[in-house]
Amino acid sequence: MDRLVVDAGGDGRVRVEWAPEGGLQETVTEVPLEWPLDGEALEDLRWYLEDYLRAPFGVYEERGPRVQERLAGWGGEIFGSVFGGGPARDAYVGARRSGRPVEVVFRSDAAGVLGWPWELMADPGRGVPLALDVAGMSRSLPSAELGAPFEVAGGRLRVLMVISRPAGGRDVGFRMIARPLPDRLAA
């Protein structure tokens, strides 16, 4: 699997790295990041995703479709801010043409940057958000130092797992999600 790493620092710069499957990860570009969505656009997006579906009629009947029409444009703008041209675009095109699955990783030392709606990012030439068009999309907050190991009282580590299943019985069975956890903990 090829991996494109978008390292968006809190310093206002973005570095794009490409790690082709079996190859070494290399930095292809580092440029200033100009986030294209202003506070009003982010509020419209928040409203659309969180509030609109509760009451998609009445006073919201016109606002909802207006925001929906802007989603593709916003996605293209986000894409352009990272992969719009030059070596970053070449790395993106190279990863897509490789025929291998592509994973996109957004990494930042600033948690706020990771809170931006990266899932909207869409290649205007493909017309679909990358989140639906690549093998994986993830976010990573690098930690400078892991905490020291600690003793667990009683000799057992207790883990609380919360699984969201909004469709109830029609969702994936909770055991399908929960079963791999003990295997990972044992490792």
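Residues numbered from 1 in each chain as written. Predicted model: local features only at pLDDT ≥ 70, side-chain atom pairs only at ≥ 80, totals over all residues. Heavy atoms only, no water.

K.L.:
Could you give an account of a nonpolar patch on the surface, naming the residues involved and the relevant values?
P.N.:
A surface patch of nonpolar side chains, about 410 Å² in accessible area, is lined by Phe-150, Val-152, Leu-157 and Val-159. With respect to the helices, strands and loops of the structure, Leu-157 is situated in the loop between strand E7 (136-140) and helix H5 (174-178). By relative accessible area, which is 56% here, Leu-157 ends up exposed. (Patch = residues over 30% accessible without salt bridge, like charges linked within 9 Å, V, L, I, M, F, W, Y side chains within 5 Å. Areas by Shrake-Rupley, 256 points an atom, 1.4 Å probe, with all protein chains shown as cover. Salt bridge = Lys/Arg side-chain N within 4 Å of Asp/Glu carboxyl O. Helix = DSSP H or I, 4+ residues; strand = E, 2+ residues; numbered from the N terminus. Buried < 20%, exposed > 50% of the residue type's maximum accessible area, 1.4 Å probe, protein only.)

K.L.:
Give me the pairing of strand E1 (residues 2-8): which residues, what numbers.
P.N.:
On a regular strand, one side chain projects to one face of the sheet and the next to the other, so that they alternate. Summarising burial for E1: 6 of the 7 residues are buried, a large majority. Where E1 meets strand E4 (residues 102-107), 6 bridges bridge the pair, whose relative direction is parallel. Residue pairing for E4: Asp-7 is matched across the bridge by Arg-107. Examined bridge by bridge, E1 and strand E2 (residues 13-19) share 6 bridges and lie antiparallel to one another. The residue bridging Arg-3 from the neighbouring strand is Ala-19, located in E2. (Pairing = 2+ DSSP bridges.)

K.L.:
Could you give an account of the packing of helix H1 (residues 39-50) against helix H2 (residues 63-83), naming the residues involved and the relevant values?
P.N.:
In the contact formed by H1 and H2, the axes pass within 10 Å of each other and the chain directions differ by 120 degrees. By the angle class used here, H1 and H2 are oblique. Regarding H1 and H2, the two cross each other, and that crossing is left-handed. Between H1, through Ala-41, Asp-44, Leu-45, Trp-47 and Tyr-48, and H2, the contact on the second element is made entirely by Arg-63, Gly-64, Val-67, Gln-68, Arg-70, Leu-71 and Trp-74. The residue makeup of the contact of H1 with H2, split by class, is 7 nonpolar, 2 polar and 3 charged. (Axes fitted to C-alpha atoms, helices over the stretch in contact; angles between N-to-C directions. Parallel < 35°, antiparallel > 145°, perpendicular 65-115°, else oblique. Left-handed = near helix turned anticlockwise from the far one by under 90°. Contact = heavy atoms within 4.5 Å. Nonpolar A, V, L, I, M, F, W, Y, C, P; charged D, E, K, R; others polar.)

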